[in-house]
Amino acid sequence: MHIAKNDIPVRIDAPGAVARQKMDFGDASGCGKLSGEYFSLGAGADIAPLLKGLKGGLCQSPHWGYLLQGKLIVSYANKQEEIITGGDLFYWPPGHSVSVVDAAEVILFSPQDEHNKVIDHMLGMMAASA
């Protein structure tokens, strides 16, 4: 699920301040501690090969985030894809993979224990192919 900034409903519109809020944007209950993450991703990067061996060959951590710039394709277990472009807020549920169309700068908030397992797995895959 993603939404462009201008599509987020305005809740406060006052001189010098605009606050936008999208309700029901994913569910963080039971996630424990969250980590704040900043990813710089080059055009053509695809994490799918690094996810092999995980359930469904997909990242099993949910993420909430903002794409500062670039263009991503997010693929889900049900074979659906969505395009995320610079300026979009997003929620990626467990069971996804990401490929980069245009170089991207991404801010993520993730359950740290779940995402650490995925990152550790990816690092192991990178070490094994080196």
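None of the values given here were measured: they were computed from a predicted structure.

What exactly am I supposed to notice about the nonpolar core here?
A general feature of soluble globular proteins is that nonpolar side chains tend to end up buried together. In terms of nonpolar packing, the biggest core is built from twelve residues, these being Leu 67, Leu 72, Val 74, Tyr 76, Ile 84, Phe 90, Trp 92, Val 98, Val 100, Ala 104, Val 106 and Leu 108. Elements supplying a minimum of two residues to this core: β5 (63-76), β7 (88-92) and β8 (96-111). Among residues more than four places away in sequence, those in contact with Phe 90 are Met 1, His 2, Phe 25, His 63, Trp 64, Gly 65, Tyr 66, Leu 67, Ile 84, Val 106, Ile 107 and Leu 108. Counting residues in hydrophobic clusters, the runner-up holds six residues, among them Ile 3, Ile 8, Cys 31 and Trp 64.

When you look at the confidence of the model for the protein chain in this model, what are you seeing that I'm missing?
Note that predicted coordinates carrying low pLDDT should not be read in detail. Per-residue confidence for the protein chain gives a mean pLDDT of 90; residues scoring 70 or more make up 100%. Here strand β3 (residues 17-20) stands out as the least confident element of the protein chain, with mean pLDDT 80; strand β6 (residues 81-85) is the most confident, with 97.

Would you take a moment to explain the pairing of β6 for this structure?
Working note: regular strand, side chains alternate between the two faces of the sheet. Going residue by residue along β6, you find Glu 82 and Ile 84 tucked away on one face and Glu 81, Ile 83 and Thr 85 left uncovered on the opposite face. Relative to β6, β5 runs antiparallel, the two being bridged by five bridges. Bridge pairing links Lys 71 to Thr 85 in β6. Here β5 folds back onto β6 in antiparallel fashion, the turn holding four residues, of which Lys 79 has a positive phi close to 75 degrees.

So, how was this worked out
Along each chain, numbering runs from 1 in the same order as the chain's sequence is written. Only residues with pLDDT of at least 70 are given local features in this predicted model, and only at 80 or more are side-chain atom pairs given and counted; all residues enter the totals for whole chains, interfaces and linings. Side-chain metrics in this entry use all non-hydrogen atoms of the structure; hydrogen atoms and water are not considered. By nonpolar core is meant a set of buried Ala, Val, Leu, Ile, Met, Phe, Trp, Tyr and Cys residues that side-chain atoms within 4.5 Å join together. Each residue is placed in one exposure class: buried if its accessible area under a 1.4 Å probe, protein chains only, is under 20% of its type's maximum, exposed if it is over 50%, and partly exposed if it falls in between. The helix and strand labels rest on DSSP assignments: H or I over at least four residues marks a helix, E over at least two residues marks a strand, and numbering proceeds from the N terminus. We call two residues contacting when some pair of their heavy atoms lies within 4.5 Å. Confidence of the predictor in every single residue is expressed as pLDDT, which spans 0 to 100. At least two DSSP bridges between two strands are needed for those strands to be called paired.

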